[in-house]
Amino acid sequence: MRVELVQPAASVLFGVPNGMHEEIMTLITAVAKTPQAHVTNLAAAFGEWCWLVYTTHDDVIEVLDVGCAR
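Rules used in this analysis
Residues numbered from 1 in each chain as written. Predicted model: local features only at pLDDT ≥ 70, side-chain atom pairs only at ≥ 80, totals over all residues. Heavy atoms only, no water. Salt bridge = Lys/Arg side-chain N within 4 Å of Asp/Glu carboxyl O. Buried < 20%, exposed > 50% of the residue type's maximum accessible area, 1.4 Å probe, protein only. Helix = DSSP H or I, 4+ residues; strand = E, 2+ residues; numbered from the N terminus. Arc of directions from axis to C-beta. Contact = heavy atoms within 4.5 Å. Disulfide = S-S within 2.5 Å. Polar contact = N/O pair within 3.5 Å; in protein donor to acceptor, adjacent residues only side chain to side chain.

Asks: How would you sum up the pattern of salt bridges? Please name residues and give values.
Replies: Under the criterion given, the structure shown has one salt bridge. A salt bridge links Arg2 to Glu4; its shortest N-O distance comes to 2.5 Å. Given the relative accessible area of 47%, Arg2 is considered partly exposed.

Asks: Talk me through helix α1 (residues 7-15); I want residue IDs and the actual numbers.
Replies: The α-helix winds at 3.6 residues per turn, so residues separated by three or four positions along the chain end up facing the same way. When we look at burial in α1, the residues that qualify are Ala9, Ala10 and Leu13. Take α1 and look down its axis: the buried residues cluster within an arc of 100°, on one side only. When the buried face of α1 is taken as reference, the exposed residues oriented beyond 90 degrees from it are Gln7, Pro8 and Gly15. Contacts made by the buried residues of α1 are with β1 (2-5), α2 (18-33) and β4 (60-68).

Asks: Describe in detail the state of the cysteines, supporting the description with residues and values.
Replies: Scanning all chains against the criterion turns up one disulfide. Two residues, Cys50 and Cys68, share a disulfide whose sulfurs are 2.4 Å apart. Here the disulfide of Cys50 and Cys68 is right-handed, its torsion about the S-S bond being about 90°. Highlighted residues: Cys50 in strand β3 (residues 50-57) and Cys68 in strand β4, separated in sequence by 18 residues. The pair Cys50 / Cys68 is uniform in exposure class, with both members buried.

Asks: Any details on the environment of His38? Residues and values, ideally.
Replies: Mapped onto the secondary structure, His38 falls in the loop between α2 and β2 (43-46). Judged by relative accessible area, His38 falls into the partly exposed class, the value being 33%. On a C-alpha basis, the gap between His38 and Asp58 in space is 8.7 Å, while along the polypeptide they are 20 residues apart. Excluding anything up to four places from it in sequence, His38 contacts Met1, Val31, Ala32 and Thr56. A polar side-chain atom of His38 sits 3.5 Å from the main-chain carbonyl oxygen of Ala32.

Asks: A description of unusual backbone geometry should follow, citing residues and the corresponding values.
Replies: Both trends apply: most residues other than glycine have a negative phi, and most peptide bonds are in trans. A positive phi is found at Asp58, a non-glycine position, where the angle reads about 50°. Note that Asp58 resides in the loop between β3 and β4.

Spelled out as structure tokens, the structure:
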């Protein structure tokens, strides 16, 4: 699957603390590899400290928002 981050999500991703990038990338990878995570509406994935909001279109995961609680 191809991953696209909308500009606001990309901006937030670059603003989170360095240690949080790996957790966000793990969430994106998990969504890409899990067929049940492929949705037509909005969905969210949560890690220990981070989350992402996304939707899918065919073979594209569109990440709309990311964030961290730290």
